Amino acid sequence: MRIILITFLAFLQFACTGIATDIRPVEGLQTEKYLGLWYEIARLDHSFERGMSNVSAEYSVREDGGIKVINSGYLSENKQWKSAEGKAYFVDKQSKGHLKVSFFGPFYGSYVIFKLDKINYQYAYVTSYSKDYLWLLARTATVTEAVKQDFINTAKMNGFATDQLIFVDQQSIK
């Protein structure tokens, strides 16, 4: 029974840190340029961010060499800020945009950067182990219409449900 449980837990760990079909993580990632504050411009809906505005993520180096993740957002329904601290580690080499991230215990999920402004690191397209997860992150609270359109086109071409995208309110707090 113990072997079955260990095998099952290993399967879950691999399944959640895998990469969605036909998605390729960026190569040539420069971690030091990726660190810092990112604003969430768009996302597919999921329970852990539902109803949030002013969403951001901040990345910094952990003492153990991993990456500290602080996700924040405003829940207008409760009129309060929420944040979650997590940790991330590269699944393969540090120059490949595939990390595993955890916000609770030993359970990790994939963080896959599949498109990136490699010159100035001003925007990133991120997914997870399945195409139910999708984010457009940027260094500023707004992006140009050209970046939005490229994100939508790239996501659609890769099989994401772009008709379900939520564009995050980064301005008003009521």
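Shown above is the structure to which this text applies.
Residues numbered from 1 in each chain as written. Predicted model: local features only at pLDDT ≥ 70, side-chain atom pairs only at ≥ 80, totals over all residues. Heavy atoms only, no water.

### Observations concerning the nonpolar core
To keep it simple, the criterion reads: To define a nonpolar core, start from buried Ala, Val, Leu, Ile, Met, Phe, Trp, Tyr and Cys residues and group those joined through side-chain atoms within 4.5 Å. Burial classification: accessible surface area is computed with a 1.4 Å probe over protein chains only, and a residue below 20% of its type maximum counts as buried, one above 50% as exposed, and the rest as partly exposed. In this text, helices come from DSSP runs of H or I with a minimum length of four residues, and strands from runs of E with a minimum of two, each type numbered from the N-terminal end. The criterion used for residue contact is that any of the two residues' heavy atoms lie within 4.5 Å.
One finds Y34, Y59, Y111, I113 and L116 to be the most contacted residues of the largest nonpolar core, which totals 22 residues. For this core, the secondary structure elements donating two or more residues are strand 2 (52-61), strand 3 (67-75), strand 4 (80-90), strand 5 (98-104), strand 6 (107-116), strand 7 (123-127) and strand 8 (134-138). Among the elements that take part in this core, strand 6 stands out by supplying 3 residues, more than any other. If sequence neighbours within four positions are ignored, L116 has contacts with V26, L29, Y34, W38, Y121, Y123 and A124. Counting 17 residues, the second-largest nonpolar core is a separate cluster that includes A20, A42, Y123 and L136.

### Considerations on the packing of aromatic side chains
Applicable threshold: Any Phe, Tyr or Trp ring, taking Trp's six-membered ring, that has another such ring centre within 6.5 Å forms a pair; planes under 30 degrees apart are called stacked, those over 60 apart edge-to-face, and the others tilted.
On inspection of all chains with the given rule, the structure shows 13 aromatic pairs. The interplanar angle of 15° and the centroid separation of 5.7 Å between the aromatic rings of F114 and F160 together place this pair among those described as stacked. Placement of F114 in strand 6 and of F160 in the loop between helix 3 (145-157) and strand 9 (165-167) is noted, with a sequence separation of 46 residues between them. Following the ring pairs from residue to residue traces out a cluster consisting of F114, Y123, Y125, F151 and F160.

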